[in-house]
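An overview of the molecular structure
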Amino acid sequence: MRKLLRRSAAAVAAAASLALMSLTAAPAAQAAPAANHAGMTWTIAEKQADGTIRVSSDPSTNAYQGDTPATAVLPILCLRVTGAPVPASINPDFYHPWARGTVAATPPVSGTQLTSRAAADGICEQYYGPGWREGEHHDGRYGPNLEYGGGWSFWAYGYVPENTRFWTAIDGQPANPWN
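Residues numbered from 1 in each chain as written. Predicted model: local features only at pLDDT ≥ 70, side-chain atom pairs only at ≥ 80, totals over all residues. Heavy atoms only, no water.

Comments concerning the confidence of the model for the protein chain
Any region with low pLDDT has predicted coordinates that should not be read closely. Operational definition: A residue's pLDDT is the predictor's confidence in that residue, given on a scale from 0 to 100. Any two residues whose heavy atoms approach within 4.5 Å at even a single point are treated as in contact.
Considering every residue of the protein chain, the mean pLDDT works out to 86; 80% of them sit at 70 or more. In the model, residues 1-34 has pLDDT below 50 throughout and makes 41 contacts with residues more than four positions away in sequence or in other chains.

Focus on the state of the cysteines
Note the following rule: When two cysteine sulfur atoms lie within 2.5 Å, the pair is treated as a disulfide. Segments assigned H or I by DSSP are reported as helices when at least four residues long, segments assigned E as strands when at least two residues long, and all are numbered from the N terminus. To sort residues, take the accessible area from a 1.4 Å probe on protein chains only and compare it with the maximum for the residue type: under 20% means buried, over 50% means exposed, and anything in between is partly exposed.
Counted according to the given criterion, the structure contains one disulfide. Disulfide pairing is shown between Cys78 and Cys124; the S-S distance is 2.1 Å. Negative torsions about the S-S bond denote left-handed disulfides, and the value of about -80 degrees found for Cys78 with Cys124 makes this one left-handed. Within this pair, whereas Cys78 is found in strand E6 (residues 77-81), its partner Cys124 is found in helix H2 (residues 117-128), the two being separated by 46 residues in sequence. Looking at Cys124, the relative accessible area reads 0%, which means it is buried.

Describing the pattern of salt bridges
Rules: Take a side-chain nitrogen of Lys or Arg and a carboxyl oxygen of Asp or Glu: if they are within 4 Å of each other, that pair is a salt bridge.
Tallied over the entire structure, the rule returns six salt bridges. Asp58 is paired through a salt bridge with Arg165; the nearest N and O atoms lie 2.8 Å apart. In this pair, Asp58 is assigned in the loop between strand E3 (52-56) and strand E4 (68-69) and Arg165 in the loop between strand E12 (153-158) and strand E13 (166-167), connecting sequence segments 107 residues apart. Exposure remark for Asp58: the relative accessible area of 25% places this residue in the partly exposed category. Taking the shortest distance from any N to any O, the salt bridge between Arg117 and Asp121 comes out at 3.2 Å.

Some points on unusual backbone geometry
Phi at Arg100 takes a positive value of approximately 65 degrees, unusual for a residue other than glycine. Of note, Arg100 is situated in strand E7 (residues 98-105). Even without being a glycine, Asn163 presents a positive backbone phi close to 55 degrees. Its place among the elements puts Asn163 in the loop between E12 and E13.

Details of the environment of Thr102
By the element assignment, Thr102 lies in strand E7. C-alpha of Thr102 to C-alpha of Gly83: the two residues are 19 residues apart in sequence and 9.7 Å apart in space.

Some thoughts on the packing of aromatic side chains
Heads up, the rule is: Whether two aromatic rings pair depends on their centres lying within 6.5 Å, for rings of Phe, Tyr and Trp, where Trp uses its six-membered ring; planes under 30 degrees apart make the pair stacked, over 60 edge-to-face, and the rest tilted.
A full pass over the atoms with the stated rule returns seven aromatic pairs. The interplanar angle of 85 degrees and the centroid separation of 6.1 Å between the aromatic rings of Phe94 and Tyr142 together place this pair among those described as edge-to-face. Taken together, the positions of Phe94 in the loop between E6 and E7 and Tyr142 in strand E10 (residues 141-142) put the pair 48 residues apart, joining distant regions of the chain. You can call Phe94 partly exposed: its relative accessible area is 33%. On the numbers, 5.1 Å between centres and 40 degrees between planes, the contact of Tyr128 with Trp132 is tilted.

Okay, structure coming up:
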């Protein structure tokens, strides 16, 4: 029990540190606007006292064509997969899977800077360091040994600003600012 409490306290401390970093980081350089491109965005669905957060699509999300013009300026949802075990407070399933790591949001950037997945991943790495990349629609896992991939949302430790939308990648659909 003490080990679990120390792990939860460490997760909350890490989330607080990420919050401070996202508020004090310098913005990335602006790029030329992309013509008629849109990207998919997510928001916060749930937060728990143990430092976990569920980021998710909502009725405004368009996972097939994008829902927000690339000229919009929003944070990027970043993820670092660490292999973190599923917390006792979460029962992962297809629509509420576990991402096995930590999320954070960059300061707002223009979607026009997201010219490729590598560019988006690079911005996450610029703010948070090696191993960080843009979160993707299918990053969550569920089932025995987390062997199945889920979609539309995922749980992770971390911090993302409330009442905001953030750029989130999706593989296999033209719903990213670079498509």
